[in-house]
Amino acid sequence: MSESRTAWGWGLASVDEAGNTLDVWYPKLTVGEAPAEGSRPNHNFDMMAHMEADARGVRRLPVFTVSQLDEPIADAADAYLRLHLMSMRLAKPNTLNLDGIFGKLATVVWTNYGPFATETFALRKMDVETERMRTTPGMPHAGVTVISLDKIPRMLDYVIPSGVRVADGGRARLGAYLSEGTTVMHAGFVNFNAGTLGTSMVEGRISQGVVVGNGSDIGGGASIMGTLSGGGKHRVSIGEHSLLGANAGIGISLGDNCVVEAGLYVTAGTKITVVDKAKQAAGEPLDVVKGAELSGKDNILFIRNSLTGAIEARYRKTGIELNSELHQHN
């Protein structure tokens with residue numbers, strides 16, 4: 001992130017009949033001090049902007065937005081700018097002030113025709129489909145398909161980051177940070193203000209506030225605790241060359257070269273036996289600690305003892321290696 005804590009750019013806003021901003025698309029953003037009004041570049045939205053409402057009841061208006069990144073979010077345009085910054089890799093997760101973001105964003109009906117206001121959707125849907133039949137008589141009719149009902153849209157409708165693959169466009173929200181070499185498979189998911197810091201395989205869920213280090217693998221069905229639902233402040237992270245096994249989960253951070261076996265969920269309060277071969281050889285009792293005491297430490301294999309059922313932490317010398325052929329040609 002630049003030393004400057006200001007970002008700016010021209011966006012194209014969708015504004016409904018009540019004057020609410022449904023979304024803002026920023027094709028380009030700049031981190032740094034904003035130019036004076038007389039020195040602003042052209043917005044180049046002339047062909048796309050329209051002052052009159054279309055069949056959705058939506059106007060598209062150019063907006064020039066300046067965001068003070070350490071301050072609380074001012075409005076919807078500011079919120080969309082900060083989400084774009086992360087998906088454009090101009091700001092990493094957990095480096096921007098996102099206070100109040102949900103209060104500034106409208107809940108929107110996202111469709112194949114663009115965003116609709118929720119309150120007038122039923123009538124406007126009929127207007128759009130009637131307009132389609134009127135303007136293209138005799139052509140196959142494409143009805144309005146609802147993609148989601150949400151405050152934050154799909155990332156790929158706004159930002160296409162280089163060097164990544166996302167198998168299902170709905171599996172990465174705007175504001176996801178995906179480094180080059182990342183692959184998000186069909187069942188994977190990356191929330192806003194979360195993502196990968198290097199080459200990664202994502203087949204599980206990366207929750208809000210979570211970052212995954214280079215060379216790590218989030219297995220199918222795996223889950224990582226975020227901070228949105230429970231009101232917690234701890235930011236979970238995963239280091240480099242670590243594996244969160246299929247259907248496993250964590251509420252603590254993993255360091256480098258760690259593995260959580262498939263199906264095992266480790267939280268801050270989980271009782272874990274620390275396997276120490278020297279103590280075992282001497283017949284001494286092994287230490288039992290809470291998961292929080294191992295949070296962020298390197299070279300640990302978390303496994304459930306198949307004989308006793310106890311969760312154990314064992315030393316692991318090396319990290320995992322991803323399939324380089326799979327990721328280098330993204």
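Worth saying up front: this structure is predicted, and the values here are computed from it rather than measured.

## A short note on the UniProt feature "binding site: succinyl-CoA" (unreviewed entry) in the protein
The feature "binding site: succinyl-CoA" (unreviewed entry), as annotated in UniProt, sits at R205, G220, S223, A246, E261, A262, G269 and K290 in this numbering. A maximum C-alpha distance of 26.0 Å is found for the annotated residues, which run over 86 residues; spatially they are spread out rather than grouped. With respect to the helices and strands, G269 occurs in the loop between strand 22 (265-266) and strand 23 (271-274). Of the residues examined, K290 reaches a relative accessible area of 45% and is grouped as partly exposed. Once residues within four sequence positions are removed from consideration, K290 is found in contact with A268, G269, T270 and K271.

## Comments concerning the domain arrangement of the protein
Interfaces are often described in size by the accessible area the parts lose on coming together. Domain annotation for the protein reports domain 1 (6-105) and domain 2 (155-315). The C-alpha-based centres of domain 1 and domain 2 are spaced at 33 Å. At the junction of the two partners, domain 1 supplies 17 residues and domain 2 supplies 23 residues. For the domain 1 and domain 2 pair, buried surface summed over both sides reaches about 1,600 Å², with 62% attributable to carbon and sulfur atoms. Three residues, S87, R89 and N94, lead the burial of domain 1 against domain 2; their summed loss comes to 41% of the area buried on that side. Applying the counting rule to domain 1 against domain 2 returns one salt bridge. Broken down by secondary-structure element, the contributors of at least two residues to the side of domain 1 that touches domain 2 are strand 2 (21-25), helix 1 (76-87) and helix 2 (101-104). Looking at the side of domain 1 that touches domain 2 element by element, the count peaks at five residues for helix 1. Of the residues that constitute the side of domain 1 that touches domain 2, the class distribution is 11 nonpolar, three polar and three charged.

## Some points on the pairing of strand 6 (residues 114-117)
Pairing geometry for strand 5 (residues 108-111) and strand 6, over four bridges, is antiparallel. Counted as the bridge partner of T111 is G114 from strand 6.

## Looking at the layout of surface pockets
Estimated volume of the second largest pocket: approximately 290 Å³. Around the second largest pocket sit 16 residues that line it, and D23, G114, P115, D157 and Y158 are the ones nearest its centre. Counting only elements with at least two residues in the lining of the second largest pocket, the list comes to strand 2, strand 5, strand 6 and strand 7 (146-150). Along the lines of polarity and charge, the residues of the lining of the second largest pocket split into seven nonpolar, four polar and five charged.

## Describing the environment of G251
Along the polypeptide, G251 turns up in the loop between strand 20 (249-250) and strand 21 (259-260). Residues G251 and R235 lie 16 residues apart in sequence; the distance between their C-alpha atoms is 9.1 Å. Not counting residues within four places of it along the chain, the set of residues in contact with G251 comprises M225, H234, V236, Y265, V266, T267 and A268.

## Regarding helix 3 (residues 121-135)
An ideal rise of 1.5 Å per residue puts 21 Å on 15 residues; helix 3 measures up with 21 Å between its terminal C-alpha atoms. Those residues of helix 3 lying buried are F121, R124, V128 and E129. Buried residues of helix 3, seen end-on, are gathered within an arc of 140° and therefore sit on one face of the element. Along helix 3, exposed side chains directed more than 90 degrees from the buried face belong to A122, L123 and R134. In the core, the buried residues of helix 3 are packed alongside strand 5, strand 6 and strand 7.

## Overview of the side chain of D23
With respect to the helices and strands, the residue D23 is situated in strand 2. As a buried residue without a salt bridge, D23 has its nearest oppositely charged side chain in R60, at a separation of 5.6 Å. Here the side chain of D23 touches S14 through a polar contact of 2.6 Å, side chain to side chain. Not counting residues up to four positions away in its chain, the partners in contact with D23 are L12, A13, S14, Y80, W110, P115 and Y158.

Procedures and definitions
- Within each chain, residues carry numbers counting from 1 in the order of the written sequence.
- A pLDDT threshold of at least 70 governs which residues receive local features in this predicted model, and a stricter bar of 80 or more applies before side-chain atom pairs are shown or counted, although totals over entire chains, interfaces and linings include all residues.
- No hydrogens and no water enter the side-chain calculation; it runs on all heavy atoms of the structure.
- UniProt positions are given in the numbering used here, feature names are shortened, and annotations may be inferred rather than shown by experiment.
- Under the DSSP-based scheme used, a helix requires at least four consecutive residues in state H or I and a strand at least two consecutive residues in state E, with every element numbered from the N terminus.
- Whether a residue is buried, partly exposed or exposed follows from its accessible area with a 1.4 Å probe, protein chains only, as a fraction of its type maximum: under 20%, in between, or over 50%, in that order.
- In what follows, residue pairs with any heavy atoms lying within 4.5 Å of each other are defined as contacts.
- For the purposes of this description, domain bounds are those given by an automatic or database domain assignment.
- Put simply, buried area is the surface a 1.4 Å probe can reach on two separate parts but cannot reach once they are joined, added for both.
- Here, a salt bridge means any Lys or Arg side-chain nitrogen found within 4 Å of an Asp or Glu carboxyl oxygen.
- Ten residue types, Ala, Val, Leu, Ile, Met, Phe, Trp, Tyr, Cys and Pro, are classed as nonpolar, four, Asp, Glu, Lys and Arg, as charged, and the remainder, Gly among them, as polar.
- Here, strands pair whenever DSSP counts at least two bridges between them.
- Buriedness for pockets is judged along seven lines, at least five of which must meet protein on both sides within 12 Å for an open set on the 1 Å grid over protein atoms alone, while cavities are sets there where a 1.4 Å probe fits but cannot get out, and lining residues have an atom within 4 Å of a point.
- Grid points are joined across faces, edges and corners, and a volume is the space filled by probe spheres set on the points.
- Expected helix span is taken as 1.5 Å per residue step, with the number of steps being one fewer than the number of residues.
- The directions from the helix axis to the C-beta atoms are what the arc is built from.
- Two residue types count as positive, namely Lys and Arg, and two as negative, namely Asp and Glu; His and chain ends fall outside the count.
- Here a polar contact is taken to be a pair of N or O atoms separated by no more than 3.5 Å, where protein atoms must pair a possible hydrogen donor with a possible acceptor and residues adjacent in sequence count only if both atoms sit in side chains.

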